[in-house]
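# Structure at a glance
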Amino acid sequence: MSENKLKLGIPKGSLQDATIKLFEKSGWKIRLHSRNYFPEIDDDEIACSMCRAQEMSIYVEQGTLDVGLTGKDWILENNSDVVVVSDLVYSKVSNRPARWVLAVAGDSPCTRPEDLAGKKIATELVNFTKQYFAERNIPVEVAFSWGATEAKVVEGLCDAIVEVTETGTTIRAHGLKIIKDLLLTNTRLIANKKAWEDPFKRAKIEKMNLLLQGALKAERMVGLKMNMPKARMDQAAELLPSLTSPTVSALSDPAWLSVEIVVDESIVRDLIPELKALGAEGIIEYPLNKVI
């Protein structure tokens, strides 16, 4: 066992599975144990702990954890003094930033935050919501919600909610309407300031960040390999938006070239038919683990 240990916090809850999957793709296997907050990780230089994303920045700031993953929203909510190493845009649903929104009943006459003056708002993001309305001189009562926040408007327990959403589906399903986006949030890799100054821990965190970012980038990209007629290579090169330029190798037949590229997955459905029309053969698409 190494004497040097990096204390890593894994968010428990909605981000748990997505985070463990991301670490596995990055090169670390994390193994959970039932009713145990200390998962195993296949790295003797890392010790893992599970904690709620809402509390992560508090533990990192205190030094209970050296590094952790949590949302921008909870860093702001806790007013935590931590090092933000990087943004890691991933989530349980859509791998895009989530939104904290202000929502009211579908038949409410309120159409803007100012219309809620004197009203009651329920949310888990209490401090941020209070500050948002205070900065705009809108007097409201903000109450903490332990969950099922959308239902509180329906039940008449509050006039509006501030809730997080990725697609807005759950909010609409409860008969609510969004009247304002308050905050765009995404997952962040954060570090304790003292740990960031430690050479071993900083190097370990930077390595971790590099591989996590590489794994996230790879989720949006694929590799393509093909044989291309040499006479058509100039035309093909104009179609290939690779990271730098395509890798081109000679084949035993001088009339053909082997071409390999990395591209955004979203364009492949249009790109492959165009390459085929130029005479490409043996086109292979393959997934990527990391793009560094």
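All figures in this text were calculated on a predicted structure; none of them were measured in a lab. (Residues numbered from 1 in each chain as written. Predicted model: local features only at pLDDT ≥ 70, side-chain atom pairs only at ≥ 80, totals over all residues. Heavy atoms only, no water.)

Quick look at the environment of Y286 now. Turning to its location among the elements, Y286 is positioned in strand β16 (residues 281-287). Residue class for Y286 comes out partly exposed when judged on its relative accessible area of 23%. The contact partners of Y286, leaving out residues within four places of it in the chain, are V222, G223, L224, K225, E260 and I261. (Helix = DSSP H or I, 4+ residues; strand = E, 2+ residues; numbered from the N terminus. Buried < 20%, exposed > 50% of the residue type's maximum accessible area, 1.4 Å probe, protein only. Contact = heavy atoms within 4.5 Å.)

Summarising the element assignment, L251 is placed in the loop between β14 (247-250) and β15 (256-264). Judged by its relative accessible area of 34%, L251 is partly exposed. In this view, L251 contacts N227, W256, L257 and S258; residues no more than four positions away in its chain are not counted.

With that out of the way, let us pick up helix α8 (residues 199-219). Residue pairs three or four apart in sequence face the same way in an α-helix, which turns once every 3.6 residues. Compared with an ideal rise of 1.5 Å per residue, which puts 21 residues at 30 Å, α8 spans 31 Å between its outermost C-alpha atoms and is within 8% of the ideal. When α8 is considered as a whole, its buried residues turn out to be K201, K204, I205, M208, N209, L211, L212, G214, A215, L216 and A218. Structurally, the start of α8 carries an N-cap: the backbone nitrogen of F200 is 3.1 Å from a side-chain oxygen of D198. (Expected span 1.5 Å × (residues − 1). Polar contact = N/O pair within 3.5 Å; in protein donor to acceptor, adjacent residues only side chain to side chain.)

Here the protein chain is partitioned into domain 1 (6-93 + 187-218), domain 2 (98-184) and domain 3 (221-287). Computed over C-alpha atoms only, the centres of domain 2 and domain 3 are separated by 50 Å. (Domains from an automatic or database assignment.)

Next up on the list: the packing of aromatic side chains. According to the stated counting rule, one finds 5 aromatic pairs in the structure shown. With a centroid separation of 5.9 Å and an interplanar angle of 85°, the aromatic rings of W74 and W100 are classed as edge-to-face. Here W74 is found in helix α3 (residues 72-78), whereas its partner W100 is found in strand β7 (residues 98-105), with 26 residues between them in sequence. Assessed through its relative accessible area of 9%, W74 is described here as buried. Chaining the aromatic ring pairs together yields one cluster made of F128, Y132 and F133. Over the aromatic face of Y132 sits the side chain of R136, whose NZ or CZ is 3.6 Å from the ring centroid. (Phe/Tyr/Trp six-rings, centres within 6.5 Å; stacked < 30°, edge-to-face > 60°. Lys NZ or Arg CZ within 6 Å of the ring centre and 35° of its normal.)

Our focus in this paragraph is the sheet that holds β15. A sheet is described by the order of its strands in space; here 4 strands give the open sequence β14-β15-β13-β16, paired in antiparallel fashion. What marks the edges here is a single partner per strand, and that holds for β14 and β16. Taking each pair of neighbouring strands and ignoring which way they run, the sheet shows an average axis angle of 15°. Relative to β15, strand β13 (residues 221-229) runs antiparallel, the two being bridged by 9 bridges. Note that in β15 the partner of P229 across the bridge is W256. (Pairing = 2+ DSSP bridges. Axes fitted to C-alpha atoms, helices over the stretch in contact; angles between N-to-C directions.)

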